[in-house]
Structure formats: C-alpha cells, structure tokens
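Summary of the model geometry
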Amino acid sequence: MIIALNNKCNLTKEEFINYEKELNNINTTDRLILCPSPLNIALATSSNYSLGSQNVSKNDNGAHTGEVSAKQLKSFNVKYTIVGHSERRQELLETNEDINKKLKLLLEEDIIPILCIGETKEEREQNLVEKVLLTELNEALSNISEENKQKIIIAYEPIWSIGTGLIPSNDQIEEVFNLIKTLLPTNKILYGGSANENNIDELKKCSVIDGYLLGGLSLKPKNLQNFINKNKI
Ligand code: PGA
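An account of the accompanying structure is given in this report. Fair warning: this is a prediction, and the values are worked out from it, not measured in the lab.

Bringing the pairing of strand β6 (residues 153-156) into the picture now. As a general feature of sheets, a regular strand has side chains that alternate between the two faces. Burial of β6 is two-sided: the residues Ile153 and Ala155 facing one way and the residues Ile154 and Tyr156 facing the other way are all buried. Of the pairings in the sheet, the one linking strand β5 (residues 112-117) to β6 comprises 4 bridges and is parallel in character. Across the sheet, Leu115 pairs through a bridge with Ile154, a residue of β6. Pairing analysis gives 3 bridges linking β6 to strand β7 (residues 189-192), with the strands arranged parallel. The partner of Ile154 across the bridge, within β7, is Ile189.

Of all hydrophobic cores here, the largest spans 54 residues; its most connected members are Leu115 and Tyr212. Beyond its immediate stretch of four places on either side in the chain, Leu115 contacts Val83, Arg89, Ile99, Leu103, Leu137, Ala140, Leu141, Ile152, Ile153, Ile154 and Ala155. Formed by 12 residues, the second largest nonpolar core is a distinct cluster that contains Ile33, Tyr80, Ile114 and Ala155.

The ligand sits among Asn6, Lys8, His85, Glu157, Ile162, Gly163, Gly193, Ser194, Leu213, Leu214, Gly215 and Gly216. His85 has a polar side-chain atom sitting 2.7 Å from an oxygen atom of the ligand. One of the backbone nitrogen or oxygen atoms of Gly215 is found 2.9 Å away from an oxygen atom of the ligand. Burial of the ligand by the protein amounts to 95% of the accessible area it has alone, namely 280 Å². Each residue belonging to the shell around the ligand can be placed in one class, and the counts come to 3 nonpolar, 7 polar and 2 charged.

Along helix α1 (residues 13-23), the residues classified as buried are Phe16, Tyr19, Glu20 and Leu23. The buried residues of α1 occupy one face: seen down the axis, they fall within an arc of 100 degrees. Of the residues in α1, the exposed ones pointing more than 90 degrees away from the buried face are Glu14 and Lys21. Contacts made by the buried residues of α1 are with β1 (2-6), β2 (31-35), α2 (38-41) and α11 (221-232).

Attention now moves to the packing of helix α7 (residues 129-140) against helix α9 (residues 170-183). Following both chains from N to C, one finds α7 and α9 inclined at 40 degrees, their axes separated by 11 Å at the closest point. In terms of axis orientation, α7 runs oblique to α9. Classified by chirality, the crossing of α9 by α7 is right-handed. Residues Val129, Glu130, Leu133, Leu134, Leu137 and Asn138 of α7 form the contact with α9, whose participating residues are Val176, Leu179, Ile180 and Leu183. Considered class by class, the residues forming the contact of α7 with α9 number 8 nonpolar, 1 polar and 1 charged.

Further remarks concern the pairing of β1. Burial runs high along β1: 5 of the 5 residues are buried. Burial of β1 is two-sided: the residues Ile2, Ala4 and Asn6 facing one way and the residues Ile3 and Leu5 facing the other way are all buried. The pairing of β1 with β2 spans 5 bridges and is parallel. Within the sheet, the bridge partner assigned to Leu5 lies in β2 and is Leu34. Two elements, β1 and strand β8 (residues 211-214), share 4 bridges in a ladder whose sense is parallel. Opposite Leu5, over in β8, you have Leu214 as the bridge partner.

What follows deals with the environment of Leu213. Of note, Leu213 is situated in strand β8. The class for Leu213 is buried, based on a relative accessible area of 2%. Beyond its immediate sequence surroundings of up to four residues, Leu213 is in contact with Ala4, Asn6, Ile82, Cys116, Ala155, Glu157, Leu190, Tyr191, Gly192 and Gly193.

With that settled, the discussion passes to the environment of Asn55. Along the polypeptide, Asn55 turns up in the loop between β3 (50-53) and α3 (70-75). The spacing of Asn55 and Val68 is 13 residues in sequence and 8.2 Å in space, taken between C-alpha atoms. In this structure, Asn55 is in contact with Leu73, Thr81, Ile82, Arg88, Glu94 and Lys102, ignoring residues within four places of it in sequence.

So, on to the pattern of salt bridges. Scanning the model with the defined rule gives 15 salt bridges in all. Across the salt bridge formed by Lys71 and Glu109, the nearest N and O atoms sit 4.0 Å from each other. Of this pair, Lys71 sits in helix α3 while Glu109 sits in the loop between α5 (96-108) and β5; the two residues are 38 residues apart in sequence, bridging distant segments of the chain. Given the relative accessible area of 14%, Glu109 is considered buried. In this structure, the salt-bridge partner of Glu125 is Lys121, at a minimum N-O distance of 3.2 Å. One end of the pair, Glu125, and the other, Lys121, are both in helix α6 (residues 121-125), 4 residues apart, so they sit about a helical turn from each other. Taking the relative accessible area as the measure of exposure, Lys121 reaches 46% and is therefore partly exposed.

What counts, and at which threshold
Residues numbered from 1 in each chain as written. Predicted model: local features only at pLDDT ≥ 70, side-chain atom pairs only at ≥ 80, totals over all residues. Heavy atoms only, no water. Buried < 20%, exposed > 50% of the residue type's maximum accessible area, 1.4 Å probe, protein only. Helix = DSSP H or I, 4+ residues; strand = E, 2+ residues; numbered from the N terminus. Pairing = 2+ DSSP bridges. Core = buried A, V, L, I, M, F, W, Y, C linked by side-chain atoms within 4.5 Å. Contact = heavy atoms within 4.5 Å. Near = heavy atom within 4 Å. Polar contact = N/O pair within 3.5 Å; in protein donor to acceptor, adjacent residues only side chain to side chain. Areas by Shrake-Rupley, 256 points an atom, 1.4 Å probe, with all protein chains shown as cover. Nonpolar A, V, L, I, M, F, W, Y, C, P; charged D, E, K, R; others polar. Arc of directions from axis to C-beta. Axes fitted to C-alpha atoms, helices over the stretch in contact; angles between N-to-C directions. Parallel < 35°, antiparallel > 145°, perpendicular 65-115°, else oblique. Left-handed = near helix turned anticlockwise from the far one by under 90°. Salt bridge = Lys/Arg side-chain N within 4 Å of Asp/Glu carboxyl O.

By themselves these figures say nothing about function.
Spelled out as structure tokens, the structure:
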C-alpha cells in the first residue's frame, strides 16, 4: 500500500520538527510518502518515509518569482510530487494545461507525480463524473509517452469529500477506478478525501484501492498509526 501524507499549509518549523519525530516512529510496511509544506521539505530527515512535495512550478529554473522548480525539488531529495490538487485548481486557477507542463518537468527529473483528479458535488449530481475525470486525465497526460504515463500515480479525490467527512460508497469508488483503468490499466491509484481511522474498515473492502492520500489525518500520527493498523487486519 502507498500512504501519501499531504500536510497542506500546516506546521510551523518547531511543530514540524516535533511532528516528524512522531512520524519516524510509525510502524508500517506500507510505502509512506510525506508531502510537507515547502519550507519544511528542507527540515525533513526522510528516515521513515519517502519525501514528496505538494506542488512544483510549471516552469524550469529562471525568472519565476516565488516558484520552486522540479530541479530544485530533486536537489532536496524529493521523490514524489502532488500535482493538480483541487485546492490549487480552485484557489490558484491551475489548469489541465499547467498540470501537463508540471508532469513533464517532474518526469524529466525522475520525480514521480501524484496526479489528483476529482469531481464536484454538482458534477456528480449532473452525471458528469466520467466526462470530468476523462477530460482531466486526457488533457493532463497529453503528449506524455506511454512509458512515462505508467510511472504516474493517480489520486482520485472527489472534491465534495475533501475535508468534509463524507466519502463515496465503495461501488462509486470502484466505478471511478475502473474508468481510470480504461486509460491507465497498470497505474497505481489512490483514494483521497476524508479517509480516516473510522471509515478505513469500510474503505479496505474496496480491493481496487492501491493506497491513500491523506490530508487531515496526516497531521495526527497516532490516528495515522491506527488507520495503518486497521487497514492491515
Ligand atoms: P482530507 O484531504 O484527507 O483532509 O480530506 C485529502 C486531500 O486533500 O488530499
């Protein structure tokens, strides 16, 4: 299982140092990937997890104030990068075209992208899930070689599920994962959105899930350990 931790914009320097000590005590055989907020990447020791980032610039090194390039991430030992998180699509108006540029720059540096896709509540109600997800995938993956496409981890994160406590039914998850597999039959696919130690008993019945992208839970190492343990039983 892949367990990717999205700290989002949380944890000051001191808080991160303490948090990371706890994270280093997590007992698991899963592949843990920690995606701290950008400054904390420099503090990460990566002793019990692989290092990820939450974003990358759509441009290479150069005159792009405030950005962090794929080359810079690589120089900090970043192995994975979340791309196209719905918060960035909504708050920063990130487009599929931007996401496509980011994927290409990451793959050039051998950083594995974790590509987030997902529909809004309204889109689900209007039966647009398939259309929305296929558009996000096709546009994001445009002109990327088959070999490189296979390296990308997909994270299905229904937007109505992120931080809300709501999760899709296992049938709904399976339907979406099977849709993704029509385009990407061998890629690893994660589920993200309010996954926690209370709903893992239900989620784990869903055999298509290769792992999880965790937001809120990533900040609570004890609950995270519980989640990991329950997922194994
Ligand atoms: P959540 O966030 O687990 O807090 O819902 C998941 C995510 O946004 O990646």
